[in-house]
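Chain and residue survey
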Amino acid sequence: MAPKKRPETKKTSEIVLRPRNKRSRSPRELEPEAKKLCAKGSGPSRRCDSDCLWAGLAGPQILPPCRSIVRTLHQHRLGRASWPSVQQIGAGGSITGLKFNPLNTNQFYASSMEGTTRLQDFKGNILRVFASSDTINIWFCSLDVSASSRMVVTGDNVGNVILLNMDGKELWNLRMHKKKVTHVALNPCCDWFLATASVDQTVKIWDLRQVRGKASFLYSLPHRHPVNAACFSPDGARLLTTDQKSEIRIYSASQWDCPLGLIPHPHRHFQHLTPIKAAWHPRYNLIVVGRYPDPNFKSCTPYELRTIDVFDGNSGKMMCQLYDPESSGISSLNEFNPMGDTLASAMGYHVLIWSQEEARTRK
């Protein structure tokens, strides 16, 4: 499968800031403005030019703590009608993976530390349990779903990966890694192509039609540190990996076993921090990832901001950085909508929405 070229962007690094009401600033935040201008940018305006993908992007809308973005959008569109309650798992039952059912958007698949991967609806009804560990020592860490092949794949914390059909029939259950499987991803164009990432410092690529055991992988991609994620690009021709230290890698279908590019980037792992995962833009050859400044990182500067960084997927060059002074936490997860004009960033108890449409209304 030959890699397909995706549209490139040619802008230099910019930082997009949301203006802040100075009356709400704490004494500590009122230190010299130089502290907050250390992030890379190309001019005093700190805003992208008109031909940049993020042109004129204003600050995000910030949802109140512990509030669901889905609930907020529901109320915005439909008023404050009753919202179906989703039964929560409770302490010790963190959701580790979530995918909408591609055949019914009123349902979703979820893997959890409760020890199950299941399908349920928004009323809290469990429709089917696809995998269950039946022990508190084993839980599921990742999942993916394919509508075209009608398959569900899930990985657990001891290295097992389970493949099932959407009827719940188990096709195989194999030990594919030595340690926790942090991420599983089916190729969007060739859904028999599976990538798995693990804290055993490897990413493996599999042909689901030829899996016979743990040694039947097509490629094993060694990393220097445990790996948080391995994501195929929308065209299926590239693979993006994020380790738990300071490296983002890009692999190409033309040569899976050798990285096409390496992007040094601070996003080190911390026990109580949701693992940081880089993601693709759905339409452009862009990569988005949250920054966790590391004083030991080579290019670290004093008072470096916890920005959301956007890179060119071909050159690895920084295109712009997003930052909101009123929500300066670490953005672990970033996801674009299918059109690519709105970005949702998960940051602790907040979900930030970055939108070009919102930017236009503020100009």
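From a predicted model like this one, the values you see are computed outputs, not experimental measurements.

1. Some remarks on the overall build of the chain
When helices and strands are counted, the chain shows 2 helices and 25 strands. Taken over 363 residues, the chain has a buried fraction of 51%. Counting only carbon and sulfur atoms, one obtains 51% of the accessible surface of the chain, whose full area is about 18500 Å².

2. Remarks on a positive patch on the surface
Judged by side-chain charge, Arg175, Lys178, Lys179 and Lys214 come together as a positively charged surface patch. Of note, Arg175 is situated in strand S10 (residues 170-175).

3. Quick notes on the sheet that holds strand S7 (residues 140-146)
Taken together, 4 strands build an open sheet; the order of strands is S7-S8-S9-S10 and the sheet is antiparallel. Strand pairing shows two members of the sheet lacking a second neighbour, S7 and S10, which therefore form its edges. Direction aside, the axes of adjacent strands within the sheet are offset by 15° on average. Two elements, S7 and strand S8 (residues 151-156), share 6 bridges in a ladder whose sense is antiparallel. Paired with Ser142 across the bridge in S8 is Gly155.

4. Structural notes on the confidence of the model for the chain
In the predicted model, the chain carries a mean pLDDT of 78, and 72% of its residues have values of at least 70. Counted against residues more than four places away or in other chains, residues 19-83, with its pLDDT under 50, gives 116 contacts.

5. Describing the pairing of strand S17 (residues 247-252)
Buried residues dominate S17, accounting for 6 of its 6 residues. Residues of S17 alternate between two faces, with Glu247, Arg249 and Tyr251 on one and Ile248, Ile250 and Ser252 on the opposite face, all of them buried. As paired elements, strand S16 (residues 238-243) and S17 share 5 bridges and run antiparallel to each other. If you follow Leu239 over to S17, its bridge partner there is Tyr251. Hairpin geometry of S16 and S17 is characterised by an intervening segment of 3 residues between the two adjacent antiparallel strands. Two strands pair when backbone bridges link them, and S17 and strand S18 (residues 255-264) are joined in this way by 6 bridges, in the antiparallel orientation. Across the sheet, residue Arg249 finds its bridge partner in S18, namely Leu262. Counting the residues between successive antiparallel strands, the hairpin from S17 to S18 contains 2 residues.

6. Quick word on the nonpolar core
Leu240 and Ile287 are the most contacted members of the largest nonpolar core, which has 16 residues in total. Within the residue set of this core, elements represented by two or more residues are strand S15 (227-232), S17 and strand S20 (286-290). Those residues in contact with Ile287 that sit more than four places away from it in its chain are Leu240, Ile250, Ile263, Ala278, Ala279, Trp280, Asp309, Val310, Phe311 and Gly313. By size, the runner-up hydrophobic cluster in this structure holds 15 residues, among which are Ala185, Cys190, Ala197 and Leu239.

7. Quick look at unusual backbone geometry
Positive phi, close to 55°, is recorded for Arg150, a residue that is not glycine. Position of Arg150 relative to the elements: it lies in the loop between S7 and S8. The phi torsion at Tyr303 lies on the positive side, around 60°, for a residue other than glycine. Mapped onto the elements, Tyr303 comes out in the loop between S20 and strand S21 (308-312).

8. Topic: the environment of Val161
In this fold, Val161 is placed in strand S9 (residues 160-165). Sequence separation between Val161 and Asn173 is 12 residues; the distance between their C-alpha atoms is 5.8 Å. For Val161, the residues in contact, after removing those within four places along its chain, are Val153, Thr154, Gly155, Trp172, Asn173, Leu174, Met176, Val181 and Thr196.

9. A look at the pattern of salt bridges
For the coordinates displayed, the defined rule picks out 7 salt bridges. Note that Glu114 and Arg118 form a salt bridge whose closest N and O atoms lie 3.0 Å from each other. Judged by its relative accessible area of 40%, Glu114 is partly exposed. Taking the shortest distance from any N to any O, the salt bridge between Glu247 and Arg224 comes out at 2.3 Å. Residue Glu247 is found in strand S17, and its partner Arg224 is found in the loop between strand S14 (219-222) and S15; the two are separated by 23 residues along the sequence. Under the relative-accessibility criterion, Arg224 is labelled exposed at 57%. Salt bridges sharing common partners tie together Arg224, Glu247 and Arg249.

10. A closer look at the side chain of Ser133
Mapping Ser133 onto the fold places it in the loop between strand S6 (126-132) and S7. A polar atom in the side chain of Ser133 sits 3.1 Å from the backbone oxygen of Thr135. Among the polar contacts made by the side chain of Ser133, one reaches the main-chain carbonyl oxygen of Ile138 at a distance of 2.7 Å. Once residues lying within four places of it in the same chain are set aside, the contact partners of Ser133 are Gly115, Ile138 and Phe140.

Parameters at a glance
- Counting restarts for each chain, with residues numbered from 1 along the sequence as it is written.
- Since the coordinates come from a predicted model, pLDDT governs what is reported: local features require at least 70, and pairs of side-chain atoms require 80 or more to be given and counted, while whole-chain, interface and lining totals use all residues.
- Heavy atoms throughout the structure, all of them, feed into the side-chain values; hydrogens and water do not.
- Helix and strand assignments come from DSSP, with helices taken as H or I runs of at least 4 residues and strands as E runs of at least 2, each series counted from the N terminus.
- Residue exposure (1.4 Å probe, protein chains only): buried if accessible area is under 20% of the type maximum, exposed if over 50%, otherwise partly exposed.
- Only the protein chains shown count as covering a residue, and every accessible area follows the Shrake-Rupley method with a 1.4 Å probe.
- Every patch collects residues that have over 30% relative accessible area and no salt bridge, joining them within 9 Å if they carry like charges and within 5 Å if they are nonpolar side chains (Val, Leu, Ile, Met, Phe, Trp, Tyr).
- The salt bridge definition used is simple: a Lys or Arg side-chain nitrogen within 4 Å of an Asp or Glu carboxyl oxygen.
- Counting rule for charge: Lys and Arg are taken as positive, Asp and Glu as negative, and neither His nor the chain ends is counted.
- A single reference atom marks each charge: NZ on Lys, CZ on Arg, CG on Asp, CD on Glu.
- Pairing between two strands requires that DSSP report at least two bridges joining them.
- The convention used is that axes are lines fitted to C-alpha atoms, helices contributing only their stretch in contact, and that angles between N-to-C directions extend from 0 to 180 degrees.
- Each residue gets a pLDDT score, which is the predictor's confidence in that residue and runs from 0 to 100.
- Residue contacts are defined here by distance: any two heavy atoms, one from each residue, within 4.5 Å place the two residues in contact.
- Buried Ala, Val, Leu, Ile, Met, Phe, Trp, Tyr and Cys residues form a nonpolar core when they are joined through side-chain atoms within 4.5 Å.
- Pairs of N or O atoms are called polar contacts if they sit within 3.5 Å, as long as, within protein, a hydrogen donor faces a hydrogen acceptor (for residues adjacent in sequence, only side-chain-to-side-chain pairs).

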